[in-house]
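Structure assessment
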Amino acid sequence: MRYELFYWPGLQGRGEFVRLALEEGAADYVDVVRDSEGDGGLDRLADFLESGIDAYIPFAPPFLRAGDLLVSQTANILQFLGPRLGLVPADEAARYWANSLQLTVADVVTEAHDAHHPIASELYYEDQQPEAMRRARSFVQERIPRFLNYFERVLVRNPHGPHHMVGDALTYVDLSIFQMLSGLHYAFPKGMTGFARRYPHLADLQTRVADRPRIAAYIESPRRIPFNESGIFRHYPELDCMPAEE
Ligand SMILES: N[C@@H](CCC(=O)N[C@@H](CS)C(=O)NCC(=O)O)C(=O)O
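The rules behind each value
- Residues numbered from 1 in each chain as written.
- Predicted model: local features only at pLDDT ≥ 70, side-chain atom pairs only at ≥ 80, totals over all residues.
- Heavy atoms only, no water.
- Phe/Tyr/Trp six-rings, centres within 6.5 Å; stacked < 30°, edge-to-face > 60°.
- Helix = DSSP H or I, 4+ residues; strand = E, 2+ residues; numbered from the N terminus.
- Buried < 20%, exposed > 50% of the residue type's maximum accessible area, 1.4 Å probe, protein only.
- Axes fitted to C-alpha atoms, helices over the stretch in contact; angles between N-to-C directions.
- Parallel < 35°, antiparallel > 145°, perpendicular 65-115°, else oblique.
- Left-handed = near helix turned anticlockwise from the far one by under 90°.
- Contact = heavy atoms within 4.5 Å.
- Nonpolar A, V, L, I, M, F, W, Y, C, P; charged D, E, K, R; others polar.

The next subject is the packing of aromatic side chains. Within this structure, the stated rule accounts for nine aromatic pairs. Both rings, one in Phe48 and one in Phe63, keep their centres 6.0 Å apart while their planes meet at 70 degrees; by these two values the pair is edge-to-face. In this pair, Phe48 is assigned in helix α3 (residues 40-51) and Phe63 in strand β3 (residues 63-66), connecting sequence segments 15 residues apart. For the pair Phe48 and Phe63, a shared accessibility class is recorded, and that class is buried. Members of the aromatic cluster, each reached through a chain of ring pairs, are Phe6, Phe48 and Phe63.

So, in structure tokens, the structure goes:
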């Protein structure tokens, strides 16, 4: 099966959660917009947003084409890919648990976006900067600790040990936690002060995922777009602040 990933060019964005799973799973995939010449890929992306396949019309990228199937929504795409790429356990309970965690990562992603665009996505950051400063402070000092405490607790409570978010082996959730943490470190270096001390199991997981041979090779490759200020995790120094307890 050759998968076709559709996502905006020039940024990691939500597409990166899917890319990491495709890379770790050694999937045969095309990153359609990036891999096509000229605007051909963007035109195809726009066509799918307009017409979909039969009744299936995605609202927004990322979406994935697998033969006749068109799967949209990041968590849904990962739920689809998980079993096919060996990135989720076989049992039903574990699959729903993985999806719950993935949807919680999606909540973090939305809030990270809203830290720099608290009023409206269609307005420039510069046109909502005062509000962004208030929102980012709350995100760093209240929300990041709340989410990270939760994910750390999930690791500690894993009956198989604190090595993976779900079960006793790597899943797509571990990859997404890695990506979320990398994004938070990029966007809020001050805000993440004390991270490894406060969340030792999350810090360990982030390192172990980064060291996986396929992930390490991907991160070194030109396929990995660097974090930048077009993406979800943006580093605006004026939005970064120390955590409340430091
Ligand atoms: N809940 C969706 C959100 C998708 C989404 O917001 N995609 C962004 C790019 S990362 C987009 O293009 N949004 C267009 C829009 O919201 O109008 C997911 O997790 O995939």
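Past the structure itself, the notes keep going.
Take the packing of helix α5 (residues 92-116) against helix α7 (residues 172-187) next. Between α5 and α7, the shortest axis-to-axis distance is 9 Å and the interhelical angle comes to 15 degrees. When the interaxial angle is binned, α5 and α7 end up roughly parallel. Crossing handedness for the pair α5 and α7: left-handed. Of α7, the residues touching α5 (which contributes Arg95, Ala98, Asn99, Leu101, Gln102, Val105 and Val108) are Tyr172, Val173, Ser176, Ile177 and Met180. Residues belonging to the contact of α5 with α7 are distributed by class as follows: eight nonpolar, three polar and one charged.

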